[in-house]
Amino acid sequence: MSATRSGTGEETDGSTGIRGEPEPAGSATAALVAAVLGFFVITLDVSGVNVALPAVGDDLGGSLSGLQWVADSYTLMFAALMLSAGSLSDRVGARRAYGWGVGLFTLASLACAVAPTLGTLTAARVLQGGAAAVMVPSSLALIRQAFPDADKRARGIALWTVGGAVAIAAGPVLGGLLTTEWSWRAVFWLNVPAGLAGFLTLMRAARSPRHPAVFDLPGQLTAVLALAALTFAVIEGGHHGFTGTVVAATAVAVLAGAAFVAVETRRRAPMLPLSLFRQRGVSVPVVAGFACNAAFYGGVFVLSLFFQEQRGQSAFSAGLMFVPMAVITAFFNYASPKAVSRYGPRKVVVAGLLTGMVGCAGLAAVTIGTPPWMTAALMIPLGIGGALAMPALTTLMLDSVAAARAGTAAALLNTSRQTGGALSIAVFGALLAGDFAPGMRESLLLAAALLVANALGAAALLPRR
């Protein structure tokens, strides 16, 4: 294997250390710990902030649409910049890209913690989302680099997804506790020491190889414009109807999306090679990942508001409702790779999607009078579904592409996932804008329909083994 130069100018060959020397024994572990810690923190930020939104509104003011933007500004930039971030990871090396992301995320979290207005907080959340976009694909590329062996890599990915799954499920608990006992600002202060710990751990990881990748400015601009315009149209349309502004935003989204496809088709080095979608091992994870995050993020958003605004629970009490799901989700995330080895990815993915569908359908029947223990129990299948499906989908995706495309593939999958989360919050928030109870039911039934449709598609398209 020919040597390449790391982001620091020193030669590496990707599987060894500097100048062909054996990689330090602890470097693979350090890379994994740093990757898991970073993914945990940026995912915790999503679910923890959802529970804190009512407190943010009480402190800084703002309507439901304003609070939706606090959540979606992060997720939107997370999704929109992910593809370029994947190219950045390939170009400068995963370790360097990850370090940049951790540093920016920590500083943006500090800005969120001291934000004086809702607009300032939303702007800081945009920076957070951009940093998270850099961190996710580079963290997966770090794992791909640290574990050339497929079995060890699958276990590393499982731990990575466990970190994210626990953060999604445990975020409401921690966010609720911090909000109730201190302030919603404490949710962001928590990121600062965690970011410093992740950066110090990263320094022990091996330097990363660099691969040729060109920054695709036209593709990036059209992607950001399309997603931003679509999210704006959904949020504002749900609250104010189809005004001229909403119609114009919808038109911009359609035109920008078409321009993105045209740009990526014609560029010699696109940030998203459209040929990737010809592989079922890529197309199925992309679409199913969208569905998983739409159901989970949308469900957490709706339920967090339901517990506090409809049932009158405190932020901490609302967070406790997610505890059973958090515990069981972590177990099934770690068990998913073993199930894939035994039964194949097709069965595990389909089982996960259908289990999530059962959870959404059950939660659609919840009312103010439903006992809390029953509501908490109905949330468990939603967590199990994503915990089973996402590790299998991630492994399937990375195993379907060459190592040089690991960052781009990871970016594509997570772009799809974050887009699903952003749009579900926008759509579900619009449905809640009228009468809360029917809106909640319609939101969760929509998520159930999306999951079952993807289960049928995965069953038809993925190989039986």
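Criteria and thresholds
Residues numbered from 1 in each chain as written. Predicted model: local features only at pLDDT ≥ 70, side-chain atom pairs only at ≥ 80, totals over all residues. Heavy atoms only, no water. Helix = DSSP H or I, 4+ residues; strand = E, 2+ residues; numbered from the N terminus. Buried < 20%, exposed > 50% of the residue type's maximum accessible area, 1.4 Å probe, protein only. Contact = heavy atoms within 4.5 Å. Areas by Shrake-Rupley, 256 points an atom, 1.4 Å probe, with all protein chains shown as cover. 1 Å grid on protein atoms, 1.4 Å probe; cavity = no way out; pocket = protein on both sides within 12 Å on 5 of 7 lines; lining within 4 Å. Points joined across faces, edges and corners; volume = space filled by probe spheres on them. Nonpolar A, V, L, I, M, F, W, Y, C, P; charged D, E, K, R; others polar. Phe/Tyr/Trp six-rings, centres within 6.5 Å; stacked < 30°, edge-to-face > 60°. Core = buried A, V, L, I, M, F, W, Y, C linked by side-chain atoms within 4.5 Å. Patch = residues over 30% accessible without salt bridge, like charges linked within 9 Å, V, L, I, M, F, W, Y side chains within 5 Å. Salt bridge = Lys/Arg side-chain N within 4 Å of Asp/Glu carboxyl O. Axes fitted to C-alpha atoms, helices over the stretch in contact; angles between N-to-C directions. Parallel < 35°, antiparallel > 145°, perpendicular 65-115°, else oblique. Left-handed = near helix turned anticlockwise from the far one by under 90°. pLDDT = per-residue confidence, 0-100. Expected span 1.5 Å × (residues − 1).

J.: What is the right way to look at the overall build of the protein chain in this model?
T.: Broken down by element type, the protein chain carries 17 helices and 2 strands. Taking all 465 residues of the protein chain together, the buried fraction comes to 60%. Expressed as a percentage of contacts within the protein chain between residues at least 6 apart in sequence, the contacts between residues at least 24 apart total 83%. For the protein chain, the accessible area works out to roughly 17500 Å², and carbon and sulfur atoms hold 68% of it.

J.: Explain the layout of surface pockets here, please?
T.: Which parts of space are left empty comes out when a probe the size of a water molecule is rolled across the atoms. Volume-wise, the largest pocket comes out at about 470 Å³. As for the largest pocket, its lining consists of 20 residues, of which Leu227, Phe260, Leu272, Thr415 and Thr419 are closest to the centre. Residue assignment for the lining of the largest pocket shows that the elements contributing at least two residues are helix H2 (64-80), helix H9 (217-240), helix H10 (244-266) and helix H16 (406-432). The leading source of residues in the lining of the largest pocket is H16, at 5 residues. Each residue belonging to the lining of the largest pocket can be placed in one class, and the counts come to 16 nonpolar, 4 polar and no charged.

J.: Mind showing me how you'd approach the environment of Gly319 here?
T.: Position of Gly319 among the secondary structure elements: in helix H12 (residues 315-320). Taking the C-alpha atoms as reference, Gly319 lies 4.4 Å from Pro172; in sequence the two are 147 residues apart. For Gly319, the residues in contact, after removing those within four places along its chain, are Pro172 and Val173.

J.: Explanation requested: the packing of aromatic side chains in the structure shown.
T.: The geometry of an aromatic ring pair is captured by two quantities: the separation of the ring centres and the angle between the planes. Tallied over the entire structure, the rule returns 6 aromatic pairs. Ring geometry for Trp184 and Phe188: centres 6.1 Å apart, planes at 85°, overall edge-to-face. Summarising the aromatic geometry, the rings of Phe331 and Phe332 are spaced 5.3 Å apart at their centres and angled 90° between planes, so their arrangement reads as edge-to-face. For Phe331, a relative accessible area of 56% gives the class exposed. Phe332 sits in the partly exposed class, given a relative accessible area of 25%.

J.: Honestly, the nonpolar core in this entry has me stumped. Any pointers?
T.: Most often, soluble globular proteins have nonpolar side chains that are buried together. Of all hydrophobic cores here, the largest spans 124 residues; its most connected members are Ile42, Leu121, Phe322 and Met440. Tallying contributions element by element places helix H11 (residues 280-310) first for this core, with 16 residues. Excluding its chain neighbours within four sequence positions, the residues that come into contact with Met440 are Val302, Leu303, Phe306, Leu363, Val366 and Leu432. Counting residues in each nonpolar core, the second largest holds 7 residues, with Ala79, Ala80, Ile235 and Ala426 among its members.

J.: Is there a simple way to explain a nonpolar patch on the surface in this structure?
T.: On the surface, a cluster of nonpolar side chains totalling about 270 Å² of accessible area is made up of Leu110, Val114 and Trp189. If you trace the backbone, Leu110 turns up in helix H4 (residues 94-113).

J.: Even after reading the chapter, I still don't get the packing of helix H1 (residues 27-60) against helix H8 (residues 191-202), so can you show me in this structure?
T.: Axis separation between H1 and H8 bottoms out at 8 Å; the angle between their running directions is 160°. In terms of orientation, H1 and H8 fall into the roughly antiparallel class. In this structure, H1 meets H8 at a crossing whose hand is left-handed. On the side of H1, the interface is formed by Ala30, Val33, Ala34, Leu37, Val41 and Asp45, while H8 contributes Asn191, Ala194, Ala197, Gly198, Thr201 and Leu202.

J.: Hey, could you run me through the pattern of salt bridges in this one?
T.: Close approach of charged atoms allows side chains with opposite charge to pair. Within the structure shown, the criterion is met by 1 salt bridge. With its nearest N and O atoms 3.7 Å apart, the salt bridge here joins Arg185 to Asp59. Within this pair, whereas Arg185 is found in helix H7 (residues 185-189), its partner Asp59 is found in helix H1, the two being separated by 126 residues in sequence. Classification of Arg185 by relative accessible area gives partly exposed; the value is 21%. Overall, the relative accessible area of 44% leaves Asp59 in the partly exposed class.

J.: Would you mind showing me how to read the side chain of Arg346 here?
T.: Its location among the elements puts Arg346 in helix H14 (residues 345-363). In this view, Arg346 contacts Ala458, Ala459, Leu462, Pro463 and Arg464; residues no more than four positions away in its chain are not counted.

J.: Any chance you could explain the environment of Gly457 here in plain terms?
T.: Counting through the fold element by element, Gly457 comes out in helix H17 (residues 436-461). Since its relative accessible area comes to 27%, Gly457 is described here as partly exposed. Taking the C-alpha atoms as reference points, Gly457 and Val287, 170 residues apart in sequence, are found 9.4 Å from one another.

J.: Help me understand the confidence of the model for the protein chain in this model?
T.: Detailed conclusions should not be drawn from predicted coordinates in areas where pLDDT is low. Residues with a pLDDT of 70 or more make up 87% of the protein chain, whose mean pLDDT is 80. Note on residues 1-25: pLDDT under 50 across the span, and 43 contacts to partners over four residues away in sequence or across chains.

J.: Would you take a moment to explain the environment of Ala256 for this structure?
T.: In this structure, Ala256 sits in helix H10. The spacing of Ala256 and Leu225 is 31 residues in sequence and 6.3 Å in space, taken between C-alpha atoms. Those residues in contact with Ala256 that lie beyond four places of it in its chain are Thr222, Leu225 and Ala226.

J.: Sorry, what's going on with the side chain of Ser443 here?
T.: The residue Ser443 is located in helix H17 in this model. What makes Ser443 buried here is its relative accessible area of 0%. Each residue touching Ser443, except ones within four places of it in the same chain, is listed here: Val302, Phe428 and Leu431.

J.: In this structure, what is going on with the packing of H1 against H2? I would like to understand it.
T.: Between two packed helices, both the angle of their axes relative to each other and the distance between the axes serve to describe the pair. As a packed pair, H1 and H2 sit with axes 8 Å apart at the nearest point and diverge in direction by 160°. On the basis of their axis angle, the class for H1 and H2 is roughly antiparallel. Along this stretch, H1 crosses H2, giving a crossing that reads as right-handed. The segment H1 lies against H2, with Ile42, Asp45, Val46, Val49, Asn50, Leu53, Val56 and Gly57 engaging Leu67, Val70, Ala71, Tyr74 and Phe78.

J.: Looking at this structure, how should I read helix H15 (residues 372-399)?
T.: Note on helix geometry: an α-helix contains 3.6 residues per turn, so any two residues three or four positions apart are oriented the same way. When the terminal C-alpha atoms of H15 are compared, their 42 Å separation across 28 residues agrees well with the 40 Å that a helix rising 1.5 Å per residue should span. Burial of H15 is extensive: 21 of the 28 residues sit out of reach of the surface.

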